[in-house]
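Next come the chains, spelled out residue by residue.
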Amino acid sequence: MHRETMAEPKHPVRTVDRAMEIVEIIQELDGAGVSEIAEQVDIGKSAVHNHLNTLVNREYLVKEGDEYQIGLSFLGLGAYARDRTQIYETARSEIDKLANETGELANLLVEKNGMGIYLYQAQGQNAVELDTHEGKQVRLHCTGLGKSILAFRPRDEVTEILDKHGMPKMTEQTITDRDQLFNELDQIREQKYAVDNEERLAGLCCVSAPITNGEERSIGAISVACPVHRISEERFYEELPDAVLGTANVIELEHNYS
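On a predicted model such as this, the values are computed, not experimentally measured, just so you know.

## With respect to the UniProt feature "domain: HTH iclR-type" (unreviewed entry) in the protein chain
Link 1 in the chain: Under the UniProt annotation, "domain: HTH iclR-type" (unreviewed entry) lies at residues 13-72.
Link 2 in the chain: Counting secondary structure, residues 13-72 comes out at 60% helix and 13% strand; the distance between its end C-alpha atoms is 25 Å.

Put into structure tokens, the structure is as follows:
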């Protein structure tokens, strides 16, 4: 069995679960106050305040005025988790080369619990600044990276992911129809790469290729992202696909056979 599922705990610790929910809310809102957090959880402001104070004391949160932000203590944990991920160690140097070769922003994404997590990014000399960063989560249906991963997963698994996370419209170009998405995933599987033409962010396009294991199952994806206004059709549909496919092939060989 390749598929990884999350088992429900038999005896969940409610306080731990609530604390992590609060942390996730603060991350999603890019900072929040007690009232904002209390509106999204089913406990009162006093209990929320107790959770926040505990997390501040442990330096997992910091308080800035009336707002709470994620603290640097998470950075060490995140870096440790990332460094233990085998695909990161294998792909990092190749992502650097891809960024230098194309002059653009190169990315490595993995899937966890139906969401995409940016594991690594490298900037070429012309790289655009985006809202993404290592550790950021994105939905899979609206990115070239995510579609590359979904194209090399069983149909029932993709359906389960879409049932759980939906297909929200991010831009005018976002695919929100399942049949349309499945048709595109079939095409991606055939051509071995995916494109994102302003589907998550207006003005941004990217070309992506999956990283697969020895049995044609995706374990991640890489991409090159750049602004629409300065890329030609030839570069978007020929040069960049060649670059990401070549890089993906090297990573796969090193990951699967070294």
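## Focus on the nonpolar core
Link 1 in the chain: Judged by nonpolar contacts, the single largest core of 28 residues is most densely connected at Ile95, Leu108 and Ile222.
Link 2 in the chain: Elements that contribute at least two residues to this core include exactly helix 5 (86-102), strand 3 (105-112), strand 4 (115-123), strand 7 (204-212), strand 8 (218-227) and helix 9 (233-257).
Link 3 in the chain: In this structure Ile95 touches Ala106, Asn107, Leu108, Tyr120, Ala122, Ile222 and Ile251, once residues within four positions along its chain are discounted.
Link 4 in the chain: By size, the runner-up hydrophobic cluster in this structure holds 20 residues, among which are Met167, Ile188, Ala194 and Ala221.

## Thoughts on the sheet that holds strand 5 (residues 137-138)
Link 1 in the chain: An order of 5-4-3-8-7-6 is seen for the six strands of this open sheet, with the pairing classed as antiparallel. Bordering the open sheet on either side are strand 5 and strand 6 (194-197), each of which pairs with just one other strand.
Link 2 in the chain: Lying on the sheet, helix 5 is in contact with strand 3, strand 4, strand 7 and strand 8; it crosses strand 4 at an angle near 50°.
Link 3 in the chain: Relative to the sheet, helix 9 contacts strand 6, strand 7 and strand 8, its axis offset from that of strand 7 by approximately 30°.

## Regarding the domain arrangement of the protein chain
Link 1 in the chain: Once the domains are mapped, the protein chain shows domain 1 (14-76) and domain 2 (85-257).
Link 2 in the chain: Put simply, the middle of domain 1 and the middle of domain 2, counted by C-alpha atoms, are 31 Å apart.

## A word on the pairing of strand 1 (residues 61-64)
Link 1 in the chain: Here strand 1 pairs with strand 2 (residues 67-70) via four bridges, running antiparallel. The residue bridging Val62 from the neighbouring strand is Gln69, located in strand 2.
Link 2 in the chain: Once strand 1 ends, the chain turns through two residues before running back antiparallel as strand 2, passing Gly65 with a positive phi of about 70°.

## Looking at helix 6 (residues 144-151)
Link 1 in the chain: Burial runs high along helix 6: eight of the eight residues are buried.
Link 2 in the chain: Among the residues making up helix 6, those that are buried are Gly144, Leu145, Gly146, Lys147, Ser148, Ile149, Leu150 and Ala151.

## Structural notes on the pattern of salt bridges
Link 1 in the chain: Per the stated rule, a full pass over the model turns up 17 salt bridges.
Link 2 in the chain: Of the charged contacts in the structure, one is a salt bridge between Glu104 and Arg235, with a shortest N-O distance of 3.1 Å. Linking Glu104 in the loop between helix 5 and strand 3 with Arg235 in helix 9, this pair joins segments that are 131 residues apart in sequence. Pair check on accessibility: Glu104 and Arg235 agree, each one buried.
Link 3 in the chain: The closest approach of N and O atoms between Glu199 and Lys147, which form a salt bridge, is 2.8 Å. With a gap of 52 residues between them, Glu199 in the loop between strand 6 and strand 7 and Lys147 in helix 6 connect regions that are remote in the sequence.

## Here's the deal with the packing of aromatic side chains
Link 1 in the chain: Counted under the stated rule, the structure contains two aromatic pairs.
Link 2 in the chain: Between Phe236 and Tyr237, the ring centres sit 4.8 Å apart and the planes meet at 70°, which makes this aromatic pair edge-to-face.

## Observations concerning unusual backbone geometry
Link 1 in the chain: Although it is not a glycine, Glu198 sits at a positive phi angle of roughly 65°.
Link 2 in the chain: For Glu198, a relative accessible area of 25% translates into the label partly exposed.
Link 3 in the chain: Here Glu216, not a glycine, exhibits a phi torsion of approximately 60°, which is positive.
Link 4 in the chain: Looking at the secondary structure, you find Glu216 in the loop between strand 7 and strand 8.
Link 5 in the chain: Looking at Glu216, the relative accessible area reads 38%, which means it is partly exposed.

## Things to note about the side chain of Glu94
Link 1 in the chain: Tracing the backbone through its elements, the reader meets Glu94 in helix 5.
Link 2 in the chain: With residues near it in sequence (within four places) discarded, Glu94 still touches Thr247, Val250, Ile251 and Glu254.

## A word on the pairing of strand 3
Link 1 in the chain: Among the eight residues of strand 3, six are classified as buried, and the element is accordingly described as predominantly covered.
Link 2 in the chain: Judged from the eight bridges that link them, strand 3 and strand 4 form a sheet pairing that is antiparallel. Bridge pairing in strand 4 links Glu111 to Gly116.
Link 3 in the chain: Counting the residues in the hairpin turn of strand 3 and strand 4 gives two residues, including Asn113, whose phi is positive at 55°.
Link 4 in the chain: Of the strand pairs in this sheet, strand 3 and strand 8 are connected by five bridges, and their pairing is antiparallel. Following the sheet pairing, Leu109 is matched in strand 8 by Ala221.

What counts, and at which threshold
- For every chain, the first residue of the written sequence is number 1, and numbering continues from 1 onward in sequence order.
- Side-chain atom pairs in this predicted model are given and counted only at pLDDT of 80 or more, local residue features only at pLDDT of at least 70, and totals for whole chains, interfaces and linings cover all residues.
- Heavy atoms from the whole structure form the basis of all side-chain values; hydrogens and water molecules are not counted.
- UniProt positions are given in the numbering used here, feature names are shortened, and annotations may be inferred rather than shown by experiment.
- Helix and strand assignments follow DSSP, with helices taken as H or I runs no shorter than four residues and strands as E runs no shorter than two, numbered in order from the N terminus.
- Here the nonpolar core consists of buried residues drawn from Ala, Val, Leu, Ile, Met, Phe, Trp, Tyr and Cys, with membership extended through side-chain atoms lying within 4.5 Å.
- The rule is simple: take the accessible area with a 1.4 Å probe, protein chains only, and divide by the maximum for that residue type; under 20% is buried, over 50% is exposed, in between is partly exposed.
- Here, residues are in contact when the closest pair of their heavy atoms is within 4.5 Å.
- Strands pair, by our definition, only if DSSP identifies at least two bridges between them.
- Axis definition: a line fitted to C-alpha atoms, limited for helices to the stretch in contact. Angles are taken between N-to-C directions and run from 0 to 180 degrees.
- All the domain ranges listed were derived from an automatic or database domain assignment.
- A pairing counts as a salt bridge when a side-chain nitrogen of Lys or Arg comes within 4 Å of a carboxyl oxygen of Asp or Glu.
- The pairing test for Phe, Tyr and Trp rings, Trp by its six-membered ring, is centres within 6.5 Å, and the orientation test on the planes gives stacked under 30 degrees, edge-to-face over 60, and tilted for anything in between.

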